[in-house]
Amino acid sequence: FLPTGNEIMWVDTVDKTIVFGTTGAPWTLQSNKVGTVLTPTNFTIDEQSGIGSADIQGVKIDNAIIFVDFVQKKIMEYGFNANLQKYLTNEITVLAEHFTATSTVTWLSYQKNPESIIWFGMTDGTLHSFTYQRDQNVLAYAPHPTDGTVRSGSVIPSTGEDEIWLSVERDISGGTTTCIERMTARRVTDEDDAHHVDCGVIYDSTATTTITGLDHLDGETVAILADGEVATPQVVASGQITLSTAAS
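Residues numbered from 1 in each chain as written. Predicted model: local features only at pLDDT ≥ 70, side-chain atom pairs only at ≥ 80, totals over all residues. Heavy atoms only, no water.

**Focus: the sheet that holds strand 14 (residues 163-172)**
So, point 1. Strand order in the open sheet made by the three strands is 13-14-15, with antiparallel pairing throughout. Both edges of this open sheet fall to strand 13 (149-156) and strand 15 (175-182), since each of them pairs with a single strand only. Averaged over neighbouring strand pairs, the angle between their axes works out to 15 degrees when direction is ignored. (Pairing = 2+ DSSP bridges. Helix = DSSP H or I, 4+ residues; strand = E, 2+ residues; numbered from the N terminus. Axes fitted to C-alpha atoms, helices over the stretch in contact; angles between N-to-C directions.)

**Considerations on the environment of Ile-156**
So, point 1. Along the chain, Ile-156 falls in strand 13.
So, point 2. Sequence separation between Ile-156 and Val-68 is 88 residues; the distance between their C-alpha atoms is 20 Å.
So, point 3. Residue contacts for Ile-156: discarding those within four places in its chain leaves Asp-162, Glu-163 and Trp-165. (Contact = heavy atoms within 4.5 Å.)

**Considerations on the side chain of Thr-17**
So, point 1. Along the chain, Thr-17 turns up in strand 2 (residues 17-22).
So, point 2. For Thr-17, a relative accessible area of 9% puts it in the buried group.
So, point 3. One polar contact links Thr-17 to Gln-30, side chain to side chain, over a distance of 3.4 Å. (Buried < 20%, exposed > 50% of the residue type's maximum accessible area, 1.4 Å probe, protein only. Polar contact = N/O pair within 3.5 Å; in protein donor to acceptor, adjacent residues only side chain to side chain.)

**Observations regarding the packing of aromatic side chains**
So, point 1. In the structure shown here, the tally under the stated rule is five aromatic pairs.
So, point 2. Ring geometry for Tyr-78 versus Tyr-87: centroids 5.3 Å apart, planes at 15 degrees, classification stacked. This pair shows no difference in class: Tyr-78 is buried, exactly as Tyr-87 is.
So, point 3. Ring centres 5.1 Å apart and planes at 20 degrees place the aromatic pair Phe-99 and Tyr-141 in the stacked group. Remark: Tyr-141 occurs in strand 12 (residues 138-143) and Phe-99 occurs in the loop between strand 8 (86-91) and strand 9 (105-111); sequence separation between them is 42 residues. Each member of the pair Phe-99 and Tyr-141 is classed as buried. (Phe/Tyr/Trp six-rings, centres within 6.5 Å; stacked < 30°, edge-to-face > 60°.)

**Description of a negative patch on the surface**
So, point 1. Among the surface-exposed residues, Asp-190, Glu-191, Asp-192, Asp-193, Asp-204, Asp-227 and Glu-229 lie close enough to one another that they form a single negatively charged patch.
So, point 2. The residue Asp-227 is located in the loop between strand 17 (221-226) and strand 18 (229-235) in this model. (Patch = residues over 30% accessible without salt bridge, like charges linked within 9 Å, V, L, I, M, F, W, Y side chains within 5 Å. Areas by Shrake-Rupley, 256 points an atom, 1.4 Å probe, with all protein chains shown as cover. Salt bridge = Lys/Arg side-chain N within 4 Å of Asp/Glu carboxyl O. Lys, Arg positive; Asp, Glu negative; His and termini not counted. Charge placed at Lys NZ, Arg CZ, Asp CG, Glu CD.)

**Some details on the pairing of strand 1 (residues 8-14)**
So, point 1. With six bridges connecting them, strand 1 and strand 2 associate as antiparallel partners. Directly across from Trp-10, in strand 2, lies its bridge partner Gly-21.
So, point 2. Linking two consecutive strands that pair antiparallel, namely strand 1 and strand 2, is a turn of two residues; a positive phi of about 50 degrees is found at Asp-15 within it.

Set out below in structure tokens:
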């Protein structure tokens, strides 16, 4: 146990050291002898400089841990400071604090490929990202508006490009529908796949003018990309739309 009354919020490792994020400052646990293993009688526990953590699991990026502060208003970085030769906790959203002016962070997840991006969501249902490339001195915040309320999200490692999955509440046909959605890959090689819409549906089969399976979009006006060409938007009726020209 830690010699503090602060509650442990998350646990991770950095540079062969176990790091505990608590409601107070971070703590570290490691062997008290260089080159030896950690045992019940061979350890040292130290309080580090920093602030408290929220009940949100931090994410490890290289030799740093990214976490949300206790009041869920800032994204923090627990990492090594070469100038001071010690680990410090710094805010990495200091130039973009406006995104928490009226809301708080509720979750975060890390995408490693094709770019190093931290995705996170807010209590107001908005989605945001933070490009993090410390070795290139790139720290960049961006909002990602969508016609819905993002409740949670997660990144699943995959070949080529990590998958970003979201749980989104959308107002459709006068009611609220929870949609489990995956972001389209950022890098596409086929123009037929170059669609970037909210809650899109893909049809990939025999050429036809009738596209069905759109019951969850009844009464909604949808954008259409057919064989790489932008078609006239249509209103979904009885779960389907009719194209002027057959497409596959």
